[in-house]
There are 2 protein chains.
Amino acid sequence: MNNERNSPKEKQRATIDDVARASGVSNATVSRVLSGYEFVKETTRARVLETVERLGYVANLQARSLAGGRSQIIGLLVPNLDNGYVGTIMQGIDRELARANYDVLLYTSHRHPSKESFYVDAIANGLTEGLLLIAPLVPSTYLDALRGQNFPYVLIDQTDATENSSVVDATNYQGAYEATRYLSQLGHARIAFVTGSLAVRSAIDRLHGYKAALVDCDIPVREELIVEGDYQQETGYEVAKSLLQRVNPLPTAIFASNDLSAFGAMDAARECGLRIPDDISIIGFDDIPQASFVYPKLTTVRQPLEQMGQVAVKMLLEQIEDQSRPPQRVALATQLVIRDSCGSHHLRGNEHEKN
Amino acid sequence: MNNERNSPKEKQRATIDDVARASGVSNATVSRVLSGYEFVKETTRARVLETVERLGYVANLQARSLAGGRSQIIGLLVPNLDNGYVGTIMQGIDRELARANYDVLLYTSHRHPSKESFYVDAIANGLTEGLLLIAPLVPSTYLDALRGQNFPYVLIDQTDATENSSVVDATNYQGAYEATRYLSQLGHARIAFVTGSLAVRSAIDRLHGYKAALVDCDIPVREELIVEGDYQQETGYEVAKSLLQRVNPLPTAIFASNDLSAFGAMDAARECGLRIPDDISIIGFDDIPQASFVYPKLTTVRQPLEQMGQVAVKMLLEQIEDQSRPPQRVALATQLVIRDSCGSHHLRGNEHEKN
DNA sequence: CTGGTTTTTGAAAGCGCTTACAATTTGATG
DNA sequence: CATCAAATTGTAAGCGCTTTCAAAAACCAG
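Residues numbered from 1 in each chain as written. Chains lettered and ligands numbered in written order. Predicted model: local features only at pLDDT ≥ 70, side-chain atom pairs only at ≥ 80, totals over all residues. Heavy atoms only, no water.

**Some words on the relation of the copies chain B and chain A**
- Taken as rigid bodies, chain B and chain A are interconverted by a rotation of 180 degrees and an axial shift of 0.0 Å, the fit giving an RMSD of 0.1 Å. What the rotation and shift describe, once combined, is the action of a two-fold rotation axis.
- Of the residues that chain B buries at the interface, 100% are likewise interface residues in chain A, meaning the two copies contact each other through the same surface. (Least-squares fit on C-alpha atoms with pLDDT ≥ 70 in both. Contact = heavy atoms within 4.5 Å.)

If you want it as structure tokens, here you go:
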């Protein structure tokens, strides 16, 4: 039974036919065994599996998916990778995907800044079965295209108020509301706010939450205390700095729309000689890993980032399974995480909370 | 010419045959046009391209790579994603890959903690043309397997002292040497050192560089000033804290093996009531994005992370092009980046450098 | 045993593309 | 205009797998 006619150089990888031959069945049977088809005799199944093991056979993905099977790959479009935000979401995505035995084809949204639609086309046309978009800055024409092809996708922390898309995000409005009320309860009345990029939905929601809470707490909304950032640390630093130099009297608290901005604000405050939280309280949003490692530890509104990733994957897989499933929107609850960066405004000095 | 027999539900995607038919040539010709084959008549090429455009045709990757073409995909194995380190390298990888029109299949190394070899098998067998491994913790059996298959791969910031592998890293020894000497020149003689995981090559090299510099500066190497970390911020915090509580007299400087550890050390120092850099200097390694945004801005040894990613990609692509190309090792130069976290030990007080 | 079911398998037709190899055109030369 | 080489295009054989469809085996009641 000598089927070895490999080239001398490199040993050929075993194909399904090799396995079939070696276990004395047809390739169809091997295929059935491998895809968990029900009606295969137990002994045959065992024999095939043994051969697979022995030959170290691994199915060729391209062939499999070409032939109509699944590629077991989903696409993931991310805006960047240099801070923990996206990474944390990806952690959740990865975990859930591993469970379902899927792999990830990674796309960075800045790659083809010009011909974006072509890009998405390529994604949807490639071997991915579905697409996950994290905080996409993509124009909605993108999504229209995907929807047009009935291609499964889920938005995570989405930008657009796109209808008809499945999306997972957090309760941005409520989170911001609570954070603001928390500051108010600590006695703060001059609460500055650093927004995110206002092109982005979450940023707007957080801003609304902030304002609503002020109103409910009988604190006037003062526009000069609201400055526009873009979720970047550096920008957070800059706008906070200029805010602190410009406004008089100083705010006693700064609410930054995300942790990165909050870090920037912390630096700005310190550079202005303000102690945190003694002279000024700072609160963030997201609770990225670094939040608990800056000094002082940042009080922030936690977004369940990992969980968001997981939920998104589940939704996507369901959609892949049943393409007719209507779009779903899920907003996961945020949670105020009290650490050390906020102090009471009544008890100024050093009696701020620690935990 | 009615070839439309699509199911009513979803519009079928155009295939190469559709394009061929629509432009009155054979699919072989279309294929030639698309793969840039030389001997195609200009007018034909134009006609085909026009049709491609019109039909919005995008080649099916699976089919293409099955048929022996390239998949234009490489695998990327990363240890984690929640700090900027890996992300920054990926930025470089992505940029270079985009240039060559490749995509990335992302693998996280923690996914199949048990059957790792199977995992790598699957990678090498899948549709990737090559593999990039960032700071892999993989046992060398992994690599043996890859090498056995003559599968192209490049290690970035590698763990093992594996021979016969292409690897890209930075001049860890020299970087650590310089940083230490810098501290010495500032007048420090009690310089503590927080290592990385000593299972990792870079950590060992940095430790060696530190020690060598001490020797060259006539400073005795004192083991009690060397504590073992693992490149994590939290661990950096813990070991630095216990160091500061244990050692007397206190070190006047801490050299942490990476920025994350340095951030941890900064927190620990502050909690011990030490001012940075007035009471204690802290220096890191890596220069991840956050380094310039912590307070005070971290003086550190810059690793050209993006560039490392780019170089690795170039090497990998070369290897894919010419599989017989022998492994290459490249160490990119590190560079001391002086910011605000180190002060002179002679001029204590507030005359530390700023830039 | 026999006829009818139910299980289990195999044969063969693609999936969409690349790539020899062969056929056809075109062009240049004598 | 015939001839030969070069340029251009078409034909057809897979790549490795899934999946009908139908045949072969196995099983059961009568």
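**Considering the sheet that holds strand β7 (residues 226–227) of chain A**
All names here are of chain A.
- Spatially, 6 strands are ordered β7-β6-β8-β9-β10-β12 in an open sheet, and the strand pairing comes out mixed. Edge strands, defined here as strands with exactly one partner in the open sheet, are β7 and β12 (335–337).
- Looking at chain direction, strand β6 (residues 191–194) and strand β8 (residues 253–256) are connected through 4 bridges and run parallel. The residue of β8 that forms the bridge with Ile191 is Ala253. (Pairing = 2+ DSSP bridges. Helix = DSSP H or I, 4+ residues; strand = E, 2+ residues; numbered from the N terminus.)

**Details of the sheet that holds strand β2 (residues 103–108) of chain A**
- Reading across the sheet, the 12 strands line up as β11(A)-β5(A)-β4(A)-β3(A)-β1(A)-β2(A)-β2(B)-β1(B)-β3(B)-β4(B)-β5(B)-β11(B) and stay open at both edges, with mixed pairing between neighbours. If you trace the sheet from one side to the other, it starts and ends with β11 (329–332) of chain A together with β11 (329–332) of chain B, each paired once. Pairwise comparison of adjacent strand axes, ignoring direction, gives a mean angle of 20 degrees for this sheet.
- Where strand β5 (residues 166–170) of chain B lies against β11 of chain B, 4 bridges are found, and the strand directions are parallel. For Val168 of chain B, the partnering residue across the bridge sits in β11 of chain B and is Val330 of chain B. (Axes fitted to C-alpha atoms, helices over the stretch in contact; angles between N-to-C directions.)

**Side note on the protein's contact with DNA strand C**
- Residues in close proximity to DNA strand C total 23 residues, the closest being Arg32 and Thr44 of chain A together with Ile16, Ser31 and Tyr57 of chain B.
- The sugar-phosphate portion of DNA strand C accounts for 63% of its atoms within 4 Å of the protein, the bases making up the rest.
- One nitrogen or oxygen atom from the side chain of Arg32 of chain B is found 3.2 Å from a base nitrogen belonging to DNA strand C.
- Of all the secondary-structure elements, those providing two or more residues to the surface near DNA strand C are α2 (27–34) of chain A together with α2 (27–34) and α4 (61–66) of chain B.
- Counted by class, the surface near DNA strand C contains 12 nonpolar, 7 polar and 4 charged residues. (Near = heavy atom within 4 Å. Polar contact = N/O pair within 3.5 Å; in protein donor to acceptor, adjacent residues only side chain to side chain. Nonpolar A, V, L, I, M, F, W, Y, C, P; charged D, E, K, R; others polar.)

**Notes on the pattern of salt bridges**
- Under the definition given, this model contains 34 salt bridges over all chains.
- With its nearest N and O atoms 3.6 Å apart, the salt bridge here joins Glu129 of chain A to Arg70 of chain A. Taken as a pair, Glu129 of chain A in the loop between α6 (116–125) and β3 (131–134) and Arg70 of chain A in the loop between α4 (61–66) and β1 (73–78) lie far apart in primary sequence, 59 residues in all.
- The exposure class assigned to Glu129 of chain A is buried, which follows from its relative accessible area of 11%.
- Of the residues examined, Arg70 of chain A reaches a relative accessible area of 32% and is grouped as partly exposed.
- Of the charged contacts in the structure, one is a salt bridge between Arg270 of chain B and Asp267 of chain B, with a shortest N-O distance of 3.5 Å. Here Asp267 of chain B and Arg270 of chain B lie together in helix α11 (residues 259–271), a separation of 3 residues that amounts to about one turn.
- Judged by relative accessible area, which is 6%, Asp267 of chain B ranks as buried. (Salt bridge = Lys/Arg side-chain N within 4 Å of Asp/Glu carboxyl O. Buried < 20%, exposed > 50% of the residue type's maximum accessible area, 1.4 Å probe, protein only.)

**A word on helix α10 (residues 233–246) of chain B**
- Here α10 of chain B contains 14 residues, and its C-alpha end-to-end distance of 20 Å stays within 8% of the 20 Å for a straight helix at 1.5 Å per residue.
- If you check which residues of α10 of chain B are buried, you get Gln233, Thr235, Gly236, Tyr237, Val239, Ala240, Lys241, Leu243 and Leu244 of chain B. (Expected span 1.5 Å × (residues − 1).)

**A short note on the packing of aromatic side chains**
- Within the structure shown, the criterion is met by 8 aromatic pairs over all chains.
- Summarising the aromatic geometry, the rings of Phe193 of chain A and Phe255 of chain A are spaced 5.1 Å apart at their centres and angled 85 degrees between planes, so their arrangement reads as edge-to-face. With Phe193 of chain A in strand β6 and Phe255 of chain A in strand β8, the pair connects residues that are 62 residues apart, well separated along the chain.
- Taking relative accessible area as the criterion, Phe193 of chain A reaches 0% and is therefore assigned buried.
- With a relative accessible area of 0%, Phe255 of chain A lands in the buried category.
- On the numbers, 4.4 Å between centres and 20 degrees between planes, the contact of Phe193 of chain B with Tyr210 of chain B is stacked. Taken together, the positions of Phe193 of chain B in strand β6 (residues 191–194) and Tyr210 of chain B in helix α9 (residues 201–216) put the pair 17 residues apart, joining distant regions of the chain.
- Since its relative accessible area comes to 0%, Tyr210 of chain B is described here as buried.
- Here the aromatic cluster, defined as three or more aromatic residues joined through ring pairs, consists of Phe193, Tyr210 and Phe255 of chain A.
- Over the ring of Phe285 of chain B we find Arg206 of chain B; its NZ or CZ atom is 3.9 Å from the centre of that ring. (Phe/Tyr/Trp six-rings, centres within 6.5 Å; stacked < 30°, edge-to-face > 60°. Lys NZ or Arg CZ within 6 Å of the ring centre and 35° of its normal.)

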